[in-house]
Amino acid sequence: MAETAATGAGARARPAARSRLRAEDVANYRREGFLAPITVMPPAEMAERLRDLEQLEAERAGRLAPTHNIKTHLLIPWAWDLVHDPRILDPVEDLLGPDILCWAAGFFDKRPGEPQHVTWHQDASYWGLSAPDALTAWLAFTPSRRNNGCMRVSPRTHGTVLPHVQGQDRTNMLPGRESVALDVDAASAVDIVLEAGQMSLHHVLTVHGSEANRSTERRCGLAIRYIAAHLTKLKGARGTATLVRGRDHGHFDLEAAPEAAFHPDALARYATVLRSWMRGVFDEMTPDGGGAQA
Ligand SMILES: O=C(O)CCC(=O)C(=O)O
C-alpha cells in the first residue's frame, strides 16, 4: 500500500481547532442523506473567490470551457486550495473517515434567465466505484435559493441504487443528461438554501436536482466530489484522483497541483487525466456498464 500523505494547502495549514460535526449532525446525515447549511467561510472571503472566478471567465469569453470544469482544481491554484480547505475537509472526514481523495470538482453555474437545470439523479450513476463511501460538498459562491435554482434533495433516498435513463435535453446540466427512471416525490424534496460561503454535503446516492434560475442574480457553486481512499474502480483502467487528506491506499494515480492558472504543464497533465476520466464515464454509460454502483 502506498504511504503518500496529503500535501495540499489544507494539509499544510491545518488549524488547531477542527471544525467537527456534532454527533447529531452525523446522525442526521446518515439518516437523511444530506446536511446543510455548513458555514465554511465568511461571505467577504467567498466574494474574493467569486471575483477570482469572474476574472478567469473574463479571460475566456465569459465562461470556463466545459472540459475545464470537470477537475477544475487541477487547473486553478485557488480551486486546488479550496478542495484541500480544512473547513471543508474536517466535516467530510467525520463522514468518510481520515483518508480522502478528491475525485472531481466543477462549477454548477446558472446565469439569470437561462434554462439550465438538473434532473433528479444520484451522483453515483456513472462513477463506477466499489462502494458508496462518497459525497459531494456543494460550496456556494453566490447565494443559492429557490428562485435562482438552488439544489433540491429528496431525503432518505440514499439507501438504494436506482436505475437511470439518459436523456437528450441539452439544457440538462448533467454530463449524461441522466435522470432517475422512477417517480421522485418532489413535494417532499428539501430546498438547499445557502448563503455565499456555506456548503451542503450530500451522499453519493441521495436523489437531487435543481430548477432553472428564474431570478436576476447568478447562482454558482462548486461541486466537490470526495471519496474514501479505500474505494476502487470497478472496471477499466486505473482512474486518477487527488489525495486531499490522510494516506493514499494506492488505487488511483495521484494528481498534481497546478503551477499557475491554466499553466501549460497543468493543461498537458489535465489532457491525460481527462482522457482517463472520459473513458471511465463512457464505460459506465454503456448498456452493460453497470450504472450506479457507487
Ligand atoms: O448545482 C446544482 O443545481 C445541482 C448540483 C448537482 O447535481 C450535483 O452537485 O451533483
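To be clear, the structure that these remarks concern was listed above.
Before going further, it helps to examine the site of the ligand. Within the structure, the ligand sits among Phe108, Val118, Asp123, Thr136, Trp138, Met151, His208, Ser210, Gly221 and Ala223. Elements supplying a minimum of two residues to the shell around the ligand: β4 (134–140), β10 (207–210) and β11 (219–228). Taken together, the residues that form the shell around the ligand break down as five nonpolar, four polar and one charged.

So, on to the environment of Ala223. The topology assignment puts Ala223 in strand β11. Classification of Ala223 by C-beta neighbours within 10 Å gives buried; the count is 20. Note: C-alpha distance between Ala223 and Ala104 (119 residues apart in sequence) is 8.1 Å. Residues in contact with Ala223, not counting those within four places in the same chain, are Gly106, Phe108, Thr136 and Trp138.

Here we come to unusual backbone geometry. A cis amide bond, omega -5°, links Ala36 with the succeeding residue Pro37. Relative to the elements of secondary structure, Pro37 occurs in strand β1 (residues 34–39). Positive phi, normally seen in glycine, also occurs at Arg156, with a value near 60°. With respect to the secondary-structure elements, Arg156 resides in the loop between β5 (151–154) and β6 (164–166). Not every positive phi belongs to a glycine, and Phe262 is a case in point at roughly 55°. Summarising the element assignment, Phe262 is placed in the loop between β13 (253–254) and α6 (264–285). Phe262 gets classed as partly exposed once you count the C-beta atoms within 10 Å, which come to 16.

Reading the values: the criteria
- Residues numbered from 1 in each chain as written.
- Predicted model: local features only at pLDDT ≥ 70, side-chain atom pairs only at ≥ 80, totals over all residues.
- Near = placed C-beta within 6 Å.
- Helix = DSSP H or I, 4+ residues; strand = E, 2+ residues; numbered from the N terminus.
- Nonpolar A, V, L, I, M, F, W, Y, C, P; charged D, E, K, R; others polar.
- Buried ≥ 20, exposed ≤ 12 C-beta atoms within 10 Å, placed from the backbone.
- Contact = placed C-beta atoms within 7 Å.

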